[in-house]
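Fold and contact review
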Amino acid sequence: MPKDVALEAHATAPRSVRELQKYYQKLPIEFLPVASQILDLQSIGTSDFLGNSLRIVDRIPPETLSKLYNSFLEQKVDPKELEEVLVYEHPALPGLRLLPSLLSIKVQEGLLSKLLLRDLSNPEHLTNVHLHYHVPYPDPPKSFFDLPRSTTYTPKDAEIHRPLNVTEVLEKKLRWMTLGGQYDWTAKEYPDGPPVQFPQDIRDLVHGIFPTIEPEAAICNTYSPGDTLSPHRDVSEEADRDLVSISIGCDALFLISLSEETDSPPPAAPDTARTLESKPSAQQRKPNKKKAATEPPPPPPPLDSKTLIMKIRSGDAVVMGGESRWAWHGVPKVIGDTCPEELAQWPDLPAPEGAESGTDDMIRWSGWMKRKRVNLNIRQMYEHGGVSGEH
Ligand SMILES: O=C(O)CCC(=O)C(=O)O
Ligand SMILES: [Fe+2]
C-alpha cells in the first residue's frame, strides 16, 4: 500500500482510541482477567471471543528458526527443541500479523544482551537520556551495567534538570535507544546523511524471519510497570515496508486501530519527542482508602470493528504491514510480575572486574529484567528494491 502523503507525524489519535488508551491505563490489574475485550494471543484457538475471527496466514517451521538461531546465538539449536510458529491475521486490522511465542527464551536472552550490554554502550546509539544529559561512556567500552555506582550523568541545563546516577538511569529514566538510523524525536524525521550501521546479527535474525523488511533503524523501548506509550502512528519512514515489533519481559496491553474517526484534538502535547509517561504503577502506589480495590470498574468504551486491544507477552512479535503499517497504536499498560522466570534474573552478571564483593561501588543488576518490558521496534527507512517477498 503506498504511503498516504496526508499522514502527519504530529497528528493526534481519534478520540475513540484515546478513550480506550485511558480506560486500560487506569484499569486496575486485578480486573484484567475479566476484561473480555482483550485479545489474548496465548489463548488463541481456545477462546470463542475474537479467536474465531483469527486466521492462520503463514507458518514458520522449526528448521527455519533453528538455522537462524544457530547463527544468532553462535551455538547449535536443535529444531526438535523448537515449535512451529503460527502467523495470525485478524479482519479488524488487515495486514497486521501476530506471532505469539516467536522467539525462544535463549534467543530472547541473547537479544537482550546484545541490545543492552553491547549496543546501549555504543555512543552512536542515542537514547532519551541524551536529550537532556551528558552521557558518560567508559573507555575502553564496556556495558552500562558494569559502571561504578559513582557514575554521574550531568544535565545539559542544570537549571532544569538535576544530575542523575547510574541506578536512576537504568532503573527508571532510560526509556528508549535508537539503533541504526537515528530518529529525531523532536523533528519527527530521520536526519540526512548516511545512517548508523544497524547491528548485523540482529539484522540477520530479523530479516531471516521477516524477509519483507531490511532492518535499517530500530527503537528499543524499555518500560517499567506504570509506564505507557501514547497512541501514535509511525509515519516517518519513506519505505512502506512492514514494521516488526518484538517484545521481551513483562506482559503489556497493546492497542491498535485503523479507526478514521476525526474530532477536535486534545490540548497540545509537550513538544519533546514522543509522549512517554512514567507514573507509579497501581502496585507501587499506596492503597487508596476511599476507593476499595474491589470496586468494579466502569464498562469499557466500545471497541469498533477496526480496533484491537491485545495482551502481548515475552517472545511475541507483532508485524504491522499493509494497511495496518500506518495504524494508530499505543501501550496503555505494562503488567508487573509477569516476566518469564528464565529471564527474570537477567543480566545476572558476574561482579565487574576489580570490584570486590560487598564494596559500595558494585551494583548487582541481577533481577533488572523482572521489572521490565523491552520492546524492539524495527523499521526499514528507505526503498531500495531488491528486498524479497515471503519466506
Ligand atoms: O512497545 C510497543 O509495543 C510499541 C512501541 C512503539 O509503538 C514504538 O516504539 O513506536
Ligand atoms: Fe510505534
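Quick caveat, the model's predicted, so the values are computed rather than measured.

1. Things to note about helix α6 (residues 200–209)
- Along α6, the residues classified as buried are Ile202, Arg203, Leu205, Val206, His207 and Ile209.
- Close packing links the buried residues of α6 with β2 (55–60), α2 (62–73), α3 (105–118), β11 (243–249) and β17 (373–379).

2. Looking at the sheet that holds strand β5 (residues 133–134)
- If you trace the 3 strands from one edge of the open sheet to the other, you get β5-β6-β7, paired in antiparallel fashion. In this open sheet, the two strands that pair with only one neighbour each are β5 and β7 (164–165).
- One ladder, built from 2 bridges, connects β5 with strand β6 (residues 152–155); its direction is antiparallel. In the strand pairing of β6, Tyr133 is matched with Pro155.

3. Some words on unusual backbone geometry
- Of note, the bond from Asp139 into Pro140 is cis; its omega dihedral lies within 30 degrees of zero at 0°.
- Positionally, Pro140 belongs in the loop between β5 and β6.
- The linkage connecting Trp346 with the following residue, Pro347, adopts the cis geometry, with an omega of 10°.
- Checked against the element boundaries, Pro347 lands in the loop between α7 (341–344) and β17.
- Positive phi values are uncommon outside glycine, yet Glu74 reaches one of about 55°.
- Secondary-structure assignment places Glu74 in the loop between α2 and β3 (85–89).

4. A closer look at the side chain of Ser143
- Relative to the elements of secondary structure, Ser143 occurs in the loop between β5 and β6.
- Residue classification places Ser143 among the buried positions, given a relative accessible area of 10%.
- Only 2.8 Å separates the side chain of Ser143 from the backbone nitrogen of Phe145, close enough to count as a polar contact.
- When residues no more than four places from it in sequence are discounted, the contact partners of Ser143 are Leu117 and Ser121.

5. Some remarks on the sheet that holds strand β1 (residues 38–40)
- Read across the sheet, 6 strands follow the order β1-β14-β12-β16-β10-β13 without closing on themselves; strand pairing throughout is mixed. Looking along the sheet, the strands with just one partner apiece sit at the ends: β1 and β13 (276–278). Neighbour-to-neighbour, the strand axes of the sheet open up by a mean angle of 25°, direction not taken into account.
- Pairing of β1 with strand β14 (residues 307–312) involves 3 bridges; the strand directions are parallel. What sits directly across from Ile38, in β14, is Ile309.
- With respect to the sheet, helix α1 (residues 15–26) is in contact with β1, β10 (227–232), β12 (251–257), β13, β14 and β16 (328–335), its orientation differing from that of β16 by roughly 5°.

6. Let's talk about the pattern of salt bridges
- Tallied over the entire structure, the rule returns 16 salt bridges.
- In this structure, Arg118 and Asp201 form a salt bridge, with 2.7 Å as the shortest nitrogen-oxygen distance. In this pair, Arg118 is assigned in helix α3 and Asp201 in helix α6, connecting sequence segments 83 residues apart.
- Across the pair Arg371 and Glu171 runs a salt bridge, and its minimum N-O distance is 3.0 Å. Note that Arg371 is positioned in the loop between α7 and β17 and Glu171 in helix α5 (residues 166–173), a separation of 200 residues in sequence.

7. So, the environment of Leu303
- In this structure, Leu303 sits in the loop between β13 and β14.
- The class of Leu303 is partly exposed, set by a relative accessible area of 24%.
- Placed 283 residues apart in sequence, Leu303 and Leu20 show a C-alpha to C-alpha distance of 8.1 Å.

8. Topic: the UniProt feature "binding site: Fe cation" (unreviewed entry) in the protein chain
- Summarizing the sequence annotation, UniProt attributes the feature "binding site: Fe cation" (unreviewed entry) to His232, Asp234 and His329 in the numbering used throughout. Judged by maximum C-alpha separation, these annotated positions cover 98 residues in sequence but sit close together in space, the widest gap being only 8.9 Å.
- Mapping His232 onto the fold places it in strand β10.
- Sequence-distant contacts of His232, that is, excluding residues within four places in its chain, are made with Ala327, Trp328 and His329.
- A polar atom in the side chain of His232 sits 3.4 Å from the side chain of Asp234.
- For Asp234, the location among the structural elements is in the loop between β10 and β11.
- When near neighbours in sequence (up to four residues on either side) are disregarded, Asp234 contacts Leu243, Arg325, Trp326, His329, Asn377 and Arg379.

Reading the values: the criteria
Residues numbered from 1 in each chain as written. Chains lettered and ligands numbered in written order. Predicted model: local features only at pLDDT ≥ 70, side-chain atom pairs only at ≥ 80, totals over all residues. Heavy atoms only, no water. Buried < 20%, exposed > 50% of the residue type's maximum accessible area, 1.4 Å probe, protein only. Helix = DSSP H or I, 4+ residues; strand = E, 2+ residues; numbered from the N terminus. Contact = heavy atoms within 4.5 Å. Pairing = 2+ DSSP bridges. Polar contact = N/O pair within 3.5 Å; in protein donor to acceptor, adjacent residues only side chain to side chain. Axes fitted to C-alpha atoms, helices over the stretch in contact; angles between N-to-C directions. Salt bridge = Lys/Arg side-chain N within 4 Å of Asp/Glu carboxyl O. UniProt positions renumbered as here; feature names shortened; annotations may be inferred.

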